[in-house]
Amino acid sequence: MVEELEIGRVERVELRVVGLPLVAPFATAAGARTTRDVLLVRVDAGGVAGWGECAAFAEPSYTAETIATARHVLAGFLVPVLGGVRTAGELAAAFSAVRGHPMARAALESAVLDLVGRRHGQPLWRLLGGSPGTRPAGVAIGLQPSVGVLVDAVGRALAEGYRQVKLKVHPGWDVEPVRAVRSHFPDLGLWVDGNGSYGPGNLDALLALDELGLRMIEQPLPADDLVGLARLGARLGTPLGLDESVESVGDLEAAAALGAARVLNLKPGRVGGMLAARQLARRARELGLEVFVGGMLESGLGRTGCLHLQTLGEVTLDGDLSAPGRYLQEDLVKPSPGLDARGCLPVPSGPGTGVEVLQEVVDRLTLAVEVLVP
Ligand code: MG
């Protein structure tokens, strides 16, 4: 049981913000970004170091957290209680004094789990109770400047070896582009994600998407509109999936009781860490939901954590985890997750995450660093 494994006395915690240059600009509410800024957490205990990555973006565009709020909560409230924690299982109780901020908690937990895995010689997938093996990778493709550019992007992803594609949709960018992709690639495993951008006035578009043979429509309505999602789901043949709506088991129970979803997008950052994600996956299966692991434009460090999580038996669907080389000019771990000949991202077998942080790259891309003693 991972919960019972000793962490050792934590002597030092490093919080470091790095700016990873993107292959192509990423649209946000604050404008186009050319880097994916990432908050890294390094925990040192007894001569062993563990690394974790915070899923938060620089802007509160996906959920409320940002890199700045995560640094504040980690430095002021989460790192200080680490000194009294002996095992991974005690983390949740130690963090319980902090409301919210799941991405901050998840980042520190992932560094601790990496450290525990390295200290005890166990890969993360085994610590979590998963099985060796991997699943076909998928890609998520954002809003594009034209339908032609989108169809080309999908074609490139398929040529690279991906078999499943998730398209971001938004009111005004939905039926026409998705129909075009469907007509070019009739057999493609295709799904869409609205990131909560639809409302009561967009029903016609959602009903039209329902006719396009999609595997799933993810989070069309805002996170807190479970009643609206339940009503919408009753009108659609395509399964509805939830992402932003589910941050806790309570959210999941409410969604299931209302019939608001048939699929759960599991992201360890959004739900407070790997151990909470595992608990959610188990409950989701008991409630009859399908489960997949989704990505957050992570570096290879965070993405490898997601690959380990994806080995759980409760994960029933292939997700949208692609190789970081698709969107990052340079990764900060070795090996950087890459597609194998079967179209899968292999799960490392070494202790902890099984990847090595490239200190030279991290140093060169560092924007800010602070060192804390619990
Ligand atoms: Mg989503």
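Our structure's up above, just so we're on the same page.
This one's a predicted model, so the numbers in the text were calculated from it and none came from an experiment.

What counts, and at which threshold
Residues numbered from 1 in each chain as written. Predicted model: local features only at pLDDT ≥ 70, side-chain atom pairs only at ≥ 80, totals over all residues. Heavy atoms only, no water. Helix = DSSP H or I, 4+ residues; strand = E, 2+ residues; numbered from the N terminus. Donors = N, O, S within 2.8 Å, 3.2 Å for Na, K, Ca; no water. Pairing = 2+ DSSP bridges. Axes fitted to C-alpha atoms, helices over the stretch in contact; angles between N-to-C directions.

### Quick word on the environment of Ala 323
Inference 1: Among the secondary structure elements, Ala 323 is positioned in the loop between helix H12 (300–309) and strand S11 (333–334).
Inference 2: C-alpha of Ala 323 to C-alpha of Gly 338: the two residues are 15 residues apart in sequence and 5.1 Å apart in space.

### Overview of the coordination of the magnesium ion
Inference 1: Summarising the metal site, the magnesium ion is bound by the protein donors Asp 193 (OD), Glu 218 (OE) and Asp 243 (OD), whose distances to it range over 2.1 to 2.2 Å.
Inference 2: Taken in chain order, the donor set of the magnesium ion reads D-x24-E-x24-D. Here Asp 193 is found in strand S6 (residues 189–193), whereas its partner Asp 243 is found in the loop between strand S8 (240–242) and helix H9 (249–258), with 50 residues between them in sequence.

### Observations regarding the sheet that holds strand S13 (residues 366–372)
Inference 1: Spatial strand order, S3-S2-S1-S13: four strands in an open sheet with antiparallel pairing. Single-partner strands in this sheet number two, and they are strand S3 (48–54) and S13. The mean inter-strand angle of the sheet, taken between neighbouring strand axes irrespective of direction, is 20 degrees.
Inference 2: Across 14 bridges, the pairing between strand S1 (residues 10–28) and strand S2 (residues 31–45) is antiparallel. Along S2, the bridge assignment pairs Val 10 with Ala 45.

### Digging into the sheet that holds S8
Strand pairs in the sheet, formed through backbone hydrogen bonds, run parallel or antiparallel to each other.
Inference 1: The parallel open sheet is built from seven strands, whose spatial order is S4-S5-S6-S7-S8-S9-S10. Edge strands, defined here as strands with exactly one partner in the open sheet, are strand S4 (138–141) and strand S10 (290–293).
Inference 2: Here four bridges tie strand S9 (residues 263–266) to S10, and the two strands are oriented parallel to one another. Bridged to Val 263 within S10 is Glu 290.

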